[in-house]
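# Structural description and commentary
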Amino acid sequence: MLELRNVSKTVGGEEHIRDVSLTLRHGTLNVLLGPTLSGKTSLMRLMAGLDAPTSGSIVFDGEDVTVRPVQKRNVAMVYQQFINYPAMTVYENIASPLRIAGKDRETIDREVRHAAELLRLVPYLDRTPLNLSGGQQQRTALARAIVKKAGLVLLDEPLANLDYKLREELRAELPKIFAESGAIFVYATTEPHEALLLGGNTATLSQGRVTQFGPTIEVFRKPADLITAKTFSDPPLNTIVLMKTGPVFQLDGGADLPVPADLAGVADGNYTIGFQPHHLFLHAPTPKAVPVKAKVTVIDITGSETFIHLAYADARWVMLAHGIHHFQPDEVIEVFIDTRHLMVFDETGRAVTALEKLAA
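Report follows, based on the coordinates.

So, how was this worked out
- Residues numbered from 1 in each chain as written.
- Predicted model: local features only at pLDDT ≥ 70, side-chain atom pairs only at ≥ 80, totals over all residues.
- Heavy atoms only, no water.
- Helix = DSSP H or I, 4+ residues; strand = E, 2+ residues; numbered from the N terminus.
- Buried < 20%, exposed > 50% of the residue type's maximum accessible area, 1.4 Å probe, protein only.
- Contact = heavy atoms within 4.5 Å.
- Areas by Shrake-Rupley, 256 points an atom, 1.4 Å probe, with all protein chains shown as cover.
- Pairing = 2+ DSSP bridges.
- Polar contact = N/O pair within 3.5 Å; in protein donor to acceptor, adjacent residues only side chain to side chain.

### Examining the overall build of the protein chain
- When you go through the protein chain residue by residue, the secondary structure sums to nine helices and 20 strands.
- The C-alpha extent of the protein chain, read off along each of the three principal axes, is 75 × 45 × 35 Å.
- Burial statistics for the protein chain: of 360 residues in total, 49% are counted as buried.
- Within the protein chain, residue pairs in contact and separated by at least 24 positions form 66% of the contacts whose partners lie at least 6 positions apart.
- Element-wise, carbon and sulfur atoms account for 52% of the exposed surface of the protein chain, whose accessible area totals about 17,700 Å².

Here's what the structure looks like:
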């Protein structure tokens, strides 16, 4: 078990990590999700022992390792910018941690070939890294981390440099690879859909702070605050500030959003309403969907999907619509909000829940 206890890291007076407490268990996959400069790499360097925290402590399997250097920890790390030994073959690169550990020839061969098969490297075992594509070099670095059988494996955006097809294949394969090991896996990414594909647990980060940690699907569906909801949305989360009056949130133009039944007793006032781009529709998904008139600003067609950017009152929204749709800039269209998936946040940004209503 890896425990971070109130860990902070300050560099040159700038706070990179702020009061982070996490407990990561053996045999689990843990995703660090956040935008660039949110603190993901800084946090991984602290976990690895490459840096020491300014305050707080790090405990691994009951032992304080706060100031123990990386060389004295059983850690494997793979960066987006892969690192391989250029003079060694792919086989020898993968085998290197096993040779250092003193494994016999038969064990080394078995483990290397198993990892090479998992990562589609069998045809390249006799090549040197300089004779490989960038994706093949990254897979070599991944294979070396897997055979090391470290207690803690840190993967810092390891698939970012791979082509789309291989990236999607590995995203599906990695959880199976992780499941075979009793290690603690930590995987950093900027992409919400990658976190959802990988599953496991997710910690959302913003400005060096962990805003929420838990099972990935739970964090996605029930964000604790507006920052977490925005971190876990790509395209950006649609939001609008509305006044709650009795059973409705009042929209411009006479349309109202019904207050979710479990929040009926929440006090009247201003709230931020959030909903995902795929919960906005060109056609009513249910009889209770709420229609609003919005102005088209930009259309992005990706092939099988269309991202329709909209202006409504002082809000800017994005709708993810299946298929190809053509609208003119400044065209006013009717769209439908699926009220079954509304997220409600108070003026401090905290999610409003039925539990809080009952406690009040």
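### Let's talk about the sheet that holds strand E15 (residues 280–281)
- On the basis of which strands lie adjacent, the open sheet formed by five strands has the order E15-E19-E16-E17-E18 and antiparallel pairing. Every other strand in the sheet has two partners, leaving E15 and strand E18 (315–322) as the edge strands with one partner each.

### Remarks on the side chain of Lys244
- Note that Lys244 resides in strand E11 (residues 238–245).
- From its side chain, Lys244 meets the backbone oxygen of Gly246 in a polar contact 2.8 Å long.
- Here the side chain of Lys244 touches Asp268 through a polar contact of 2.8 Å, side chain to side chain.
- Once residues within four sequence positions are removed from consideration, Lys244 is found in contact with Phe249, Val259, Leu263, Ala264, Val266, Ala267, Asp268, Gly269 and Tyr271.

### With respect to the environment of Glu15
- On the secondary structure map, Glu15 appears in strand E2 (residues 14–24).
- By relative accessible area, Glu15 is classed as partly exposed at 43%.
- Residues Glu15 and Leu98, 83 residues apart in the sequence, show an inter-C-alpha distance of 38 Å.
- For Glu15, the residues in contact, after removing those within four places along its chain, are Lys9 and Thr10.

### Comments concerning the pairing of strand E10 (residues 209–215)
- Where strand E9 (residues 201–206) and E10 come together, six bridges link them in antiparallel fashion. Residue pairing across strands places Thr202 opposite Gly214, the latter belonging to E10.
- Following E9, the chain reverses through two residues before pairing antiparallel with E10; Gln207 in that reversal takes a positive phi of roughly 50 degrees.

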